[in-house]
Amino acid sequence: MNNEAVGVEIRDLVKTFPAFDDKKGEVYAANHVTLSVQPGELVTLLGPSGCGKTTLLRMVAGFLMPTSGEIFIGNREVSKIPPNKRNVGMMFQSYALFPHMTVYDNVAYGLKLKHMGKTEIRERVKGILQLMQIENYASRFPNEISGGQQQRVALARAVITEPNVLLFDEPLSNLDAKLREYMREELRKIQKRVGITSLYVTHDQSEAMAISDKVIIMRSGKIEQAGTAMEIYARPKNQFVAGFIGKANFVRPDSVLSLSGGKAEVELLGRRMTIDASEECRNGEPCVVMIRPEDIKISPEGKFKARIISKAYFGQYIRHFLDIAGQEIEQMDFTQSNAALQVGDEIAVNLVTDSLRLLPLDDTEET
Amino acid sequence: MDSPGKARKKQQKSEKRKEFLMLIRQPGLLFAIIFVFAVLILFCIYPIVRLFISCLTDKSGQLNLDNINYVFTKTDFFQAFWNSIKLGLFVGLMATIVGYLYAFAITRTKLPGKKFFNIMAILPILSPPFVISLAVMLLFGRSGLITKNLLHIRGNNIYGFTWLSIVQILSLFPLAYLNLKGMLETLDSSVENASRTLGASRLKVFLTVTLPLSLPGFLSSFLIIFAKSLCDFGNPQVLAGDYNVLSVSAYLQIVGLFDLKTGSFIALSILLPCMLAYLIQNYWVSKRSFITVTGKATGTVELIREKKIVIPLFVILLLLTLFTILMYGTVVYVSFVKTWGVNWSMTLDSYQFILKRGERAIKDTLLLSSIATPCTALLGMLIAFLLVRKNFFGKRLMSAASILPFAVPGIALGIGYVVAFNTKPIQLTGTALIIIVAMVFRTLSIGVETGSNSLRQVDPSIEEAAINLGAGNARTFFTISLPIMKSALFSGLLNSFIRSMTSVSAVIFLVSVNWNLLTVNILSEIESNRLGAASAYCVALMVMVVLAVGVLEFIVNGLFARRRRSYE
């Protein structure tokens, strides 16, 4: 579309709600959040329910008023502008299609508000319906089309007015697993094609990784880490992030011998090794080592002795729970060459030490 | 350094300020809120306040309690007060029991003809308030068909407590029925099933589970009907005779003795027990209700089939229904008879009479109700929209004020309007406007309630989607919320139209030479003993109500039809 894409910047945004249980307290839904979305980028807010991601999105849309802080869309500070004047598109979790209007009228609604000529509206609506492959359903009502089609109508309605920013509030959570995977590819394709700056809320990590330029992990109203999917997966800052994106074993090292410059020398499972360390690790404070299940390789020359506690077959991989030096550790084997192993077998494994990472111990129970 | 508490207060204050700033930037919304507050204060709160002031002051506006002293010592106020309370308690109890039987039979048993019984129970709500009174006079009165012609009783006296309470029970039990039916339907039936599987007999289940669980509903119906009976003016005016009740005595003070202050005070004395009943019902009983709406299907009740339970209930319902049919049938029949009790030949004389004498009243009633109805519905939906969807200062006041004229006795509201609007700066008495306004605000809370209920069931993000696409508040309301509220709008319109057409007490002081209403005419025909004409008026009124249902359905469907076109 012809609009020049603009960025979004959120500075020191705070939103508090009064707490339910005691009258004095309050809950931070956004706790001094600062982030930026580059023009044309798709950024995902990822976190467990209640982490404040939807609140953040609704503040950008204008449905919620921030307690303090600023929101810039392009160069414009919008936190005092009513939601209908922000030129922000939004896709709702429930799609929120107008039940009393046809697909065509749903999509045309925003254009009619802009007092566009009838013929132009018709052209534009036809174009977008074709792009979304729903041109055959123009005269149907929302309750007469499938979930996936409703999804496309909602997207068409949101992008047709050429908003500066597109907001997605868990748009795929109502679809079944197969369709969800298909639609997220579609969404990404269309978003790239339209080139629209997007902020996408989800609690599904694979969805976030599949479609985002940048992923922002949130917990309790705070940003825990921001970066590309790869950065976050490979170099999480703390135990929460590591556990939320992908699977991970967290093993207490026997001792941390030295810690400096992002490297640590540790004694782990009875062996001394040098591994990467998060910048949040502090000397003298308790730490854990992150071991991803796929970074444990079964090999006859392995340095660690292990015993198979349990085993499950998942097709692409075999999952073992191993006992290594008294610790129960999950292992994923993608090689298919160890299928003959049985529960109770004594084996040897190697760790991919480059992928291990020392993280500060997280003793809060949240996930 | 600020303490954390102070900082928080500051933050909340700034948030409030921002919300206010946001409101100011939406002039439509701000205007709507101010407009609603203005009309509510002017037409709901102000007249009641003026009514209070009028009782407590003399002509020069000084505080003066002589008026109250006069009422207490020189009139039979206490007798009337006690009579009203006695009537209310008795009618409340009996109508609730009848309503409960009815509701239990419909929701818990395998009863033949449920749909028919259901419709027949609602009929008295839809009809003008005097129909049953009128029929009682025609059938059981001095020259009544049953008393005089069949039983040959001379000069049977129907005026007094007995027949008044029967008529009130018959016309008010449907309210209890609807209330209790809703309650019994939402009562989690798995509890009853559980009790049954534990080996309890039917009677035991009823006595130990169903009945205790429905007590809050029972109490709330009782309170509603108690208040309704106290406020009722039409039936006592026709049937009370020497049994003096408050609403009639307030009316007589004003119309007979031109004593507005005494009338005001008596009207106010109905208001207090009514409001009390209403408050208890709203804030105390409803909190103790066992109804849990979880949106989860909890399984169906096993309907009772045993003949020894179903047959007696069926007989009771059938007798009640037959009696209702007899009442309505009599009124329809009488409207076509030459002279009731004397000459039974069929004629259209009564209709010719009312067309000649009451043409104006019919036209005025239709016109004023037709203007009031859409106003009520729109204002009601607007208030529902504001209350359910928007945040602003004074929301509770708005909600309370919109309910006030409904909870206040009609006679008190009518007198309040007279007191408040018969002098400058707002002189409205004698105009059509004051009647329309009375109709609108008397029925407003029905519109607000139906609107709120239906809005709460609509996903708010549908409206947010419209706002997000650039629609302002007004446009969102008219293009999205209102069409979605279509069926609520329809029932709101219908309800308010019927109530406008059939209201008596609130408007009886507001009619004038210029503007007259059908119900007031019916009353005066009854008082002049022209029962044929009164019957014809009643039938005409009922026909208009039925026609209105059709017309309204047509209009609402036409306005907000889901339009399907091809887009080639």
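Residues numbered from 1 in each chain as written. Chains lettered and ligands numbered in written order. Predicted model: local features only at pLDDT ≥ 70, side-chain atom pairs only at ≥ 80, totals over all residues. Heavy atoms only, no water.

Asks: Before we go on, may I ask you to explain the sheet that holds strand β5 (residues 76-77) of chain A in this structure?
Replies: Pairing between the strands of a sheet comes from backbone hydrogen bonds, and it takes one of two forms, parallel or antiparallel. All names here are of chain A. Taken together, the 4 strands give an open sheet; going across it, the order is β2-β1-β4-β5, and neighbouring strands pair in antiparallel fashion. Both edges of this open sheet fall to β2 (26-37) and β5, since each of them pairs with a single strand only. As defined by bridge partners, strand β4 (residues 68-73) adjoins β5 across 2 bridges and the pair is classed as antiparallel. Note on β5: the bridge partner recorded for Ile-73 is Arg-76. Here helix α1 (residues 53-61) sits on the sheet in contact with β1 (8-18), β2 and β4, set at roughly 115 degrees to β1. (Pairing = 2+ DSSP bridges. Helix = DSSP H or I, 4+ residues; strand = E, 2+ residues; numbered from the N terminus. Contact = heavy atoms within 4.5 Å. Axes fitted to C-alpha atoms, helices over the stretch in contact; angles between N-to-C directions.)

Asks: Looking at this structure, I do not really get unusual backbone geometry. What am I missing?
Replies: Residue and element names in this part refer to chain A. Its identity as a non-glycine residue notwithstanding, Glu-162 has a phi of 50 degrees, on the positive side. The class for Glu-162 is buried, based on a relative accessible area of 15%. Despite not being glycine, Leu-269 has its phi angle at roughly 50 degrees, a positive value. With respect to the secondary-structure elements, Leu-269 resides in the loop between β13 (263-268) and β14 (271-277). Since its relative accessible area comes to 10%, Leu-269 is described here as buried. (Buried < 20%, exposed > 50% of the residue type's maximum accessible area, 1.4 Å probe, protein only.)

Asks: Sorry if this is basic, but what is going on with the side chain of Ser-402 of chain B here?
Replies: Residues and elements named next belong to chain B. One can find Ser-402 in helix α16 (residues 395-407). With relative accessibility at 1%, the residue Ser-402 sits in the buried group. Among the polar contacts made by the side chain of Ser-402, one reaches the main-chain carbonyl oxygen of Ser-399 at a distance of 2.9 Å. Residues in contact with Ser-402, not counting those within four places in the same chain, are Leu-40, Ile-383, Leu-444, Ser-445 and Val-448. (Polar contact = N/O pair within 3.5 Å; in protein donor to acceptor, adjacent residues only side chain to side chain.)

Asks: For this particular structure, what's the right way to read the domain arrangement of chain A?
Replies: Many descriptions give the size of an interface as the accessible area lost when the pieces come together. Residue and element names in this part refer to chain A. Taken as a whole, chain A is organised into domain 1 (8-239) and domain 2 (248-360). Of note, the centres of domain 1 and domain 2, computed from C-alpha atoms alone, are 38 Å apart. Tallying the contact residues gives 8 residues for domain 1 and 11 residues for domain 2. For domain 1, the biggest contributors to the area lost against domain 2 are Tyr-233, Lys-237 and Gln-239; these three give 64% of the whole. Where domain 1 meets domain 2, there are 4 residue pairs in polar contact (both at pLDDT 80 or more). For the side of domain 1 that touches domain 2, the element with the highest residue contribution is helix α7 (residues 229-234), accounting for 3 residues. Taken together, the residues of the side of domain 1 that touches domain 2 break down into 4 nonpolar, 2 polar and 2 charged. (Domains from an automatic or database assignment. Buried area = accessible area lost by both parts, 1.4 Å probe. Nonpolar A, V, L, I, M, F, W, Y, C, P; charged D, E, K, R; others polar.)

Asks: Would you explain the sheet that holds strand β17 (residues 304-313) of chain A in this entry?
Replies: Residue and element names in this part refer to chain A. Ordered in space as β16-β20-β17-β18-β19, the 5 strands form an open sheet in which the pairing is antiparallel. The two strands at the open ends of the sheet, each matched to only one other strand, are β16 (296-298) and β19 (327-333). Here the strands of the sheet are splayed against their neighbours by 45 degrees on average, with no regard to which way each runs. In this structure, strand β18 (residues 318-324) lies alongside β19, joined through 7 bridges in antiparallel fashion. Across the sheet, the residue bridging to Arg-319 is Met-332, located in β19.

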